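# A closer look at the structure
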Amino acid sequence: MSEKLVFDAPEIMIDRPTHYCPGCHHGVAHRLVGEVLTEMGLVDDTLCVGSIGCSVFIYNYLDVDAVEAPHGRAPAVATGLKRAHKDKFVFTYQGDGDLASIGLAEIVHAANRGEKISVVFVNNTVYGMTGGQMAPTTLVGQKATTCPDGRCAEEHGQAIRMSEIIGGLGGTAYCERVSLDSVKNIRRAKKALRKAFEMQVNGTGFGFVEMLSACPTNWKMDPIAANTRIKEEMIPYFPLGVFKDVTKDGEE
Amino acid sequence: MSEKKRIFIKGNEAISRGALAAGCTCYFGYPITPQNDIPEFLSTEMAAVNNGEFVQAESEVAAANMLLGAAAGGARAMTTSSSPGVSLMQEAISYMAGSELPGVIVNVNRGGPGLGDIGSSQGDYFQSTRGGGHGDYRTLVLAPGTCQEGYDMMIEAFDLAFKYRNPVLVLADAIVGQMKEPVTPWEPKAADNHGAEDWCIDGAKGREKRLLKSLFLEDGALAGQNRNLQSKYEAMQAEARADVFECDDAELVVVAFGSIGRIVKSTVRRLRSEGKKVGLVRPLTLYPFPSEVLRDLAKQGKRFLTIEQNCGQMVDDVRLSVRGIADSEFHGHMPGDLPGSDDFLAPIIKHLED
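This one's a predicted model, so the numbers in the text were calculated from it and none came from an experiment.

## Here we look at the domain arrangement of chain B
All names here are of chain B. Here the domain parsing of chain B yields domain 1 (7-202 + 227-238) and domain 2 (243-353). Taken together, the contact pairs 27 residues of domain 1 with 21 residues of domain 2. Elements represented by at least two residues in the side of domain 1 that touches domain 2 include exactly α5 (125-129), β6 (140-142), β7 (167-173) and α7 (174-178). Ranked by residues supplied to the side of domain 1 that touches domain 2, first place goes to α5 with four residues. Of the residues that constitute the side of domain 1 that touches domain 2, the class distribution is eleven nonpolar, 13 polar and three charged.

## Re the pairing of β7(B)
Residue and element names in this part refer to chain B. Buried residues dominate β7, accounting for seven of its seven residues. On β7, burial covers both faces: P167, L169, L171 and D173 on one face and V168, V170 and A172 on the other are all buried. Pairing of strand β5 (residues 103-109) with β7, which is carried by seven bridges, proceeds in the parallel orientation. For V108, the partnering residue across the bridge sits in β7 and is A172. Across three bridges, the pairing between β6 and β7 is parallel. Looking across to β7, one finds that V141 is bridged to L169.

## Considering the sheet that holds strand β15 (residues 328-332) of chain B
Residues and elements named next belong to chain B. Read from one edge of the open sheet, five strands run β10-β12-β11-β14-β15, paired in mixed fashion. Of all the strands in the sheet, the pair left with one neighbour each is β10 (242-245) and β15. If you compare each strand with its neighbour and ignore which way they point, the axes differ by 20° on average. Of the pairings in the sheet, the one linking β10 to strand β12 (residues 278-283) comprises four bridges and is antiparallel in character. Bridging from a neighbouring strand, V244 pairs with V281 of β12. Relative to the sheet, helix α9 (residues 258-273) contacts β10, β11 (252-255), β12 and β14 (303-308), its axis offset from that of β12 by approximately 165°. The strands touched by helix α11 (residues 314-321) are β11, β14 and β15; relative to β14, the strand with the most contacts, the crossing angle is about 160°.

Rules used throughout
- Residues numbered from 1 in each chain as written.
- Chains lettered and ligands numbered in written order.
- Predicted model: local features only at pLDDT ≥ 70, side-chain atom pairs only at ≥ 80, totals over all residues.
- Domains from an automatic or database assignment.
- Contact = placed C-beta atoms within 7 Å.
- Helix = DSSP H or I, 4+ residues; strand = E, 2+ residues; numbered from the N terminus.
- Nonpolar A, V, L, I, M, F, W, Y, C, P; charged D, E, K, R; others polar.
- Buried ≥ 20, exposed ≤ 12 C-beta atoms within 10 Å, placed from the backbone.
- Pairing = 2+ DSSP bridges.
- Axes fitted to C-alpha atoms, helices over the stretch in contact; angles between N-to-C directions.

Structure (structure tokens):
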């Protein structure tokens, strides 16, 4: 009796135990990035800019050159790196606290300059690594450790919709919001990543993919309930879709 | 006779031209007075002369992080600013020190604290020489006192940055940045990046992947990294330099840096012409501090007077240098007021005659 391999990971994925919690979507997002980089033949030319949060350890899972950026500054670090190495593929991987709060200026201006970089934005509506504090993306009514009674619009403001902002900037070439809650949506997410990455490779410009993701630990839910929450609470507020594509409408 | 052409330019332009001569290919900056001549000059010349990149960043925070990114790629990169802006850069400078990335940061020091003024000051001595951001780290610090030194020290700064894989600060001030002097441009030998191709990230084709980071969570890892950094800072001590002027028979040695050191030199010359036994030590590197020079003078029984355009910062390093043997008096010229060489006559004579 022999074993038959029916599903494998691309070589770029480093085979090691994950530090992510059960049901966390970072593993799925990492894998999608790894698959697309592999399929596009970019592995040897990729420079990864990590950020601060749970995904600071992305460099433990992807077998590519990497640099660690200060909190929120990945788009600025990527700008410097890409300007120094125009022929390389440069991407940032950032969470919602990192990108939509402390790093808001850096992401908006990198996009507006039309830097030839790609941004993977993982939005799980909470600060994960620090233990579940309110994020700029926390939904009104959602409980977090710094808003235990739920986010209050009058006091805390409302969840910020990043894809709508980035999609509205002149320098953005591609911007799409996807979700990792179902097989169908994960397939769509991979296509979006590929599209955004292609925009960098062919010199079109700045690509941005927002991935609605689960954080079962800080949401205090099991993974299945977390997926249901994405579908029933997050997607209605953060609509999926393409917010900008300069290759449409004959703009390219 | 070599035909070296002199040009009449501002210190800010000398700094810019020195960076280009050093082979700098990436500039990131944000407008702030009194250093705006630098980004204005490099906005066209970076591409024209070095086929390089110029980015006007959205903030000093972003500019310094762009510097971090370009440095990670092994590029000769720089940013420039003035005091309030350099405060904002400290985050990235700390990360660069922790990740051992080379880069050049120019501070055209203006008055503080807070918004201060746009005049000259040496108030950022502590921030420059004590790391400036969080954690146990140091940056090399060069202190030009003339436009020519502004040019020369940029070339030196890039070499030191790559030699030690460390940020290098060029601490100029509004006087050096804004005055015009004859400068003799020169081209250094081909840039030596001291093996940057062996650590920079440029795609892992045919080699193991590389990781540049300042996070060390494993047991003992951060202690090990801090030991590495401390031994590097120890090795840097060999770079300490000072301009030693008329000290051989001096009874009183004045210690002053940057443009103030230059002005004090005029005062010392005048006092020498009157037969007064006074000398000057002008540190050219502020970190490492030229402690040995001062200690040797202290052993000869000399007395010290530190003069700065601040409320007393470098004087701490002078005292540490001569500790156990001598001490240093202090004369501070308040930032916000432009001194002339006459302003230093009375304090020097007072301490000479004490």
